[in-house]
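Results of the structural survey
Now for the letters of each chain:
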Amino acid sequence: PPRSTLFPYTTLFRSNIDWDFGSSPNVFSIAGRTVIGIGQKSGVYHVFDAKTGQIVWQRQTSVAQHNGGSMGLLWGSASDGHRIYVATWLGKPGALFGLDSATGEILWRTPNPADGCTTGGAATHGDACHLGHMAAVTATPGLVYEGSMDGKLRIYRADDGAILWQYDTVREFTGVNHVTGPGGAVAGHGGAVVAHGMVYVQSGYYKIGRAHV
């Protein structure tokens, strides 16, 4: 089959299921019981008893495909003690979920907006724009932060997943070293950092408008 124009290395997994755990775990409690939660590239979020390893609950958020778990939970999730927030990579399209931390019930699901690749800087590069989430999820009281492969960082309301704000990073930026370069897809391997009234995010994991290299 032809190699992927976006992720050439996914062809390496045609014969091997890449459903590993790429996320860091969450530690929280259910009725005084300490548990460990973690998302898997298979699309399942698992919760285990921290002392025994016994499965407490599991929630399927998407159906993984053969090409490296691209429909699943990729890098990281967030917890505020009441809800777990997870985001699917692609998932036709990728979506942000709010899960009940005690039961795993899906409280809300907000898809990557359908106009993500037709608005903002991504609009002129639709050939390399995708509606999915590679970045880890970040949460602060009442808010959830998630960046998209369409280059936009969005802030969601924790109660119901409504999108409250977004910022398009597909534009030219001049760095502190006075070098100018473009933003692109919001980075995988990490997520937004919120500190002292500021939000920091990495953009350009791949440049929208060309293949990943």
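Cut-off values and rules
Residues numbered from 1 in each chain as written. Predicted model: local features only at pLDDT ≥ 70, side-chain atom pairs only at ≥ 80, totals over all residues. Heavy atoms only, no water. Helix = DSSP H or I, 4+ residues; strand = E, 2+ residues; numbered from the N terminus. Buried < 20%, exposed > 50% of the residue type's maximum accessible area, 1.4 Å probe, protein only. Areas by Shrake-Rupley, 256 points an atom, 1.4 Å probe, with all protein chains shown as cover. Patch = residues over 30% accessible without salt bridge, like charges linked within 9 Å, V, L, I, M, F, W, Y side chains within 5 Å. Salt bridge = Lys/Arg side-chain N within 4 Å of Asp/Glu carboxyl O. Phe/Tyr/Trp six-rings, centres within 6.5 Å; stacked < 30°, edge-to-face > 60°. Core = buried A, V, L, I, M, F, W, Y, C linked by side-chain atoms within 4.5 Å. Contact = heavy atoms within 4.5 Å. Pairing = 2+ DSSP bridges. Disulfide = S-S within 2.5 Å.

Attention shifts here to the overall build of the protein chain. Of regular secondary structure, the protein chain possesses 0 helices and 16 strands. Residues classed as buried in the protein chain amount to 46% of the 213 residues present. In the structure as shown, the protein chain presents an accessible area of about 10,400 Å², 56% of it carried by carbon and sulfur atoms.

Now for a nonpolar patch on the surface. Together, Leu-164, Trp-165, Tyr-167 and Phe-173 give the surface a local cluster of nonpolar side chains, amounting to about 370 Å² of exposed area. Element by element, the count of residues in the nonpolar patch is highest for strand 12 (residues 163-168), at 3 residues.

Cis peptide bonds are those with omega within 30 degrees of zero, and the linkage from Lys-92 to Pro-93 qualifies with -5°. Residue placement: Pro-93 occurs in the loop between strand 6 (83-87) and strand 7 (95-100). Phi at Ala-31 is positive, roughly 50°, even though this residue is not glycine.

Right, let's talk about the packing of aromatic side chains for a bit. Across all of its chains, the model carries 3 aromatic pairs by this definition. Arranged with centres 6.1 Å apart and planes meeting at 35°, the rings of Tyr-85 and Trp-108 form a pair that is tilted. Pair noted here: Tyr-85 is in strand 6 and Trp-108 is in strand 8 (residues 106-111), with a separation of 23 residues, a long-range link. On the basis of relative accessibility, which here comes to 0%, the residue Tyr-85 falls in the buried class. Look at Trp-108 and you get buried, because its relative accessible area is 6%.

Counting residues in hydrophobic clusters, the biggest one holds 12 residues: Phe-28, Ile-30, Val-35, Tyr-45, Val-47, Trp-57, Leu-73, Ile-84, Val-86, Ala-95, Phe-97 and Leu-99. Within the residue set of this core, elements represented by two or more residues are strand 1 (26-30), strand 3 (44-49), strand 6 and strand 7. Considering each element in turn, this core owes the most residues, 3 residues, to strand 7. Aside from chain neighbours lying at most four places away, what touches Trp-57 is Ile-30, Tyr-45, His-46, Val-47, Leu-99, Asp-100, Ser-101, Ala-102, Thr-103 and Gly-104.

Turning our eyes to something else, we now look at the pairing of strand 12. As defined by bridge partners, strand 11 (residues 152-157) adjoins strand 12 across 5 bridges and the pair is classed as antiparallel. Residue pairing across strands places Arg-154 opposite Gln-166, the latter belonging to strand 12. Where strand 11 folds back onto strand 12 in an antiparallel hairpin, the turn is made up of 5 residues, including Gly-161, whose phi is positive at roughly 80°.

The antiparallel open sheet is built from 4 strands, whose spatial order is 5-6-7-8. At either margin of the open sheet sits one strand with a lone partner, and together these are strand 5 (78-79) and strand 8. With 5 bridges joining them, strand 7 and strand 8 adopt antiparallel strand pairing. Pairing of Phe-97 across the sheet is with Arg-109, part of strand 8.

Glancing now at the pattern of salt bridges. Summed over all chains, the structure comprises 5 salt bridges. Asp-20 is the salt-bridge partner of Lys-41, the closest N and O atoms lying 3.0 Å from each other. Of this pair, Lys-41 sits in the loop between strand 2 (33-39) and strand 3 while Asp-20 sits in the segment before strand 1, placing them 21 residues apart in sequence. Note on Lys-41: relative accessible area 9%, which makes it buried. Note on Asp-20: relative accessible area 32%, which makes it partly exposed.

As a further point, take the state of the cysteines. Under the criterion given, the structure shown has 1 disulfide. Across the disulfide, Cys-117 is cross-linked to Cys-129 (sulfur-sulfur distance 2.1 Å). On the sign convention where negative is left-handed, the bridge of Cys-117 and Cys-129, at about -80° about the S-S bond, is left-handed. Here Cys-117 is found in the loop between strand 8 and strand 9 (138-140), whereas its partner Cys-129 is found in the loop between strand 8 and strand 9, with 12 residues between them in sequence. Grouping residues by exposure puts Cys-117 and Cys-129 together as buried.

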